[in-house]
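What follows is the residue order along each chain.
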Amino acid sequence: MGQYLILLYEDEASWAAVGEHEAGEILAAHGRFGAAHGDVLRGGGWLHPTATATTVRSPGGGGSQDRDGFAAGEDALVTDGPFVETKEALGGFYLVEVPDLDTALALAREVPAPFGGVEVRPLRDM
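Read on for a plain summary of the structure. (Residues numbered from 1 in each chain as written. Predicted model: local features only at pLDDT ≥ 70, side-chain atom pairs only at ≥ 80, totals over all residues. Heavy atoms only, no water.)

## Let's talk about the overall build of the chain
Phase 1 of the analysis: Helix and strand content of the chain: 3 helices and 8 strands.
Phase 2 of the analysis: Listing the helices and strands of the chain from first to last along the sequence gives β-α-α-β-β-β-β-β-β-α-β.
Phase 3 of the analysis: Expressed as a percentage of the 126 residues in the chain, the buried residues total 27%.
Phase 4 of the analysis: Of the accessible surface of the chain, which amounts to about 8400 Å², a share of 53% is contributed by carbon and sulfur atoms. (Helix = DSSP H or I, 4+ residues; strand = E, 2+ residues; numbered from the N terminus. Buried < 20%, exposed > 50% of the residue type's maximum accessible area, 1.4 Å probe, protein only. Areas by Shrake-Rupley, 256 points an atom, 1.4 Å probe, with all protein chains shown as cover.)

What follows is the structure, given as structure tokens:
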């Protein structure tokens, strides 16, 4: 069995424009997805909008990190906002444990994502 993240990328402006009834229908669809696939779901969650994000990176902006974090003597550069500007932003995720990528993709096809799409990525063992 492998673990996969199903990442939900959606247009935040579209989410902000939906009414309470439509938002409730979308959340109910996620509830049905969770109920139907609870046997393989290992976690998941919704993220706050990108305006609440804080980004941490090395001052050089490149690969100056060592295995334990930033290189000696360097301070992290902390900025408000997401790392990149994009029309669709990461809005949530599901962590699933399934036999293979094909099974993860079949699940991803069922994830409600009315304002964007989903990405499936395998997790590496640590």
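## Considerations on the pattern of salt bridges
Phase 1 of the analysis: One pass over the structure, following the stated rule, counts 2 salt bridges.
Phase 2 of the analysis: Its salt-bridge partner being Glu119, residue Arg121 comes within 3.6 Å of it at the nearest N-O pair.
Phase 3 of the analysis: By relative accessible area, which is 46% here, Arg121 ends up partly exposed.
Phase 4 of the analysis: By relative accessible area, Glu119 is classed as partly exposed at 27%. (Salt bridge = Lys/Arg side-chain N within 4 Å of Asp/Glu carboxyl O.)

## Observations regarding the sheet that holds strand β1 (residues 2–11)
Phase 1 of the analysis: Here 4 strands make up an open sheet; going across it, the order is β2-β7-β1-β8 and the pairing antiparallel. In the strand order of this sheet, the two ends are held by β2 (41–46) and β8 (116–122), each with one partner. This sheet shows a mean twist of 20 degrees between the axes of neighbouring strands, independent of strand direction.
Phase 2 of the analysis: Inspection of the sheet shows β1 paired to β8 by 7 bridges, in the antiparallel sense. Its bridge partner lying in β8, Leu7 is registered against Glu119.
Phase 3 of the analysis: Packing against the sheet, helix α2 (residues 20–36) makes contact with β1, β2 and β7 (88–98), and its axis sits at approximately 170 degrees to β2. (Pairing = 2+ DSSP bridges. Axes fitted to C-alpha atoms, helices over the stretch in contact; angles between N-to-C directions. Contact = heavy atoms within 4.5 Å.)

## Observations regarding the packing of aromatic side chains
Phase 1 of the analysis: On inspection of all chains with the given rule, the structure shows 3 aromatic pairs.
Phase 2 of the analysis: Measuring from centroid to centroid gives 5.4 Å for Trp15 and Phe115, while their planes differ by 70 degrees, and the two rings are edge-to-face. With Trp15 in helix α1 (residues 12–17) and Phe115 in the loop between α3 (101–108) and β8, the pair connects residues that are 100 residues apart, well separated along the chain.
Phase 3 of the analysis: Residues Phe33 and Tyr94 carry aromatic rings whose centres are separated by 4.9 Å and whose planes lie at 50 degrees to one another, so their mutual orientation is tilted. Of this pair, Phe33 sits in helix α2 while Tyr94 sits in strand β7; the two residues are 61 residues apart in sequence, bridging distant segments of the chain.
Phase 4 of the analysis: By way of ring pairs, the aromatic residues Trp15, Trp46 and Phe115 are connected into one cluster. (Phe/Tyr/Trp six-rings, centres within 6.5 Å; stacked < 30°, edge-to-face > 60°.)

Read these as geometric descriptors, not functional statements.
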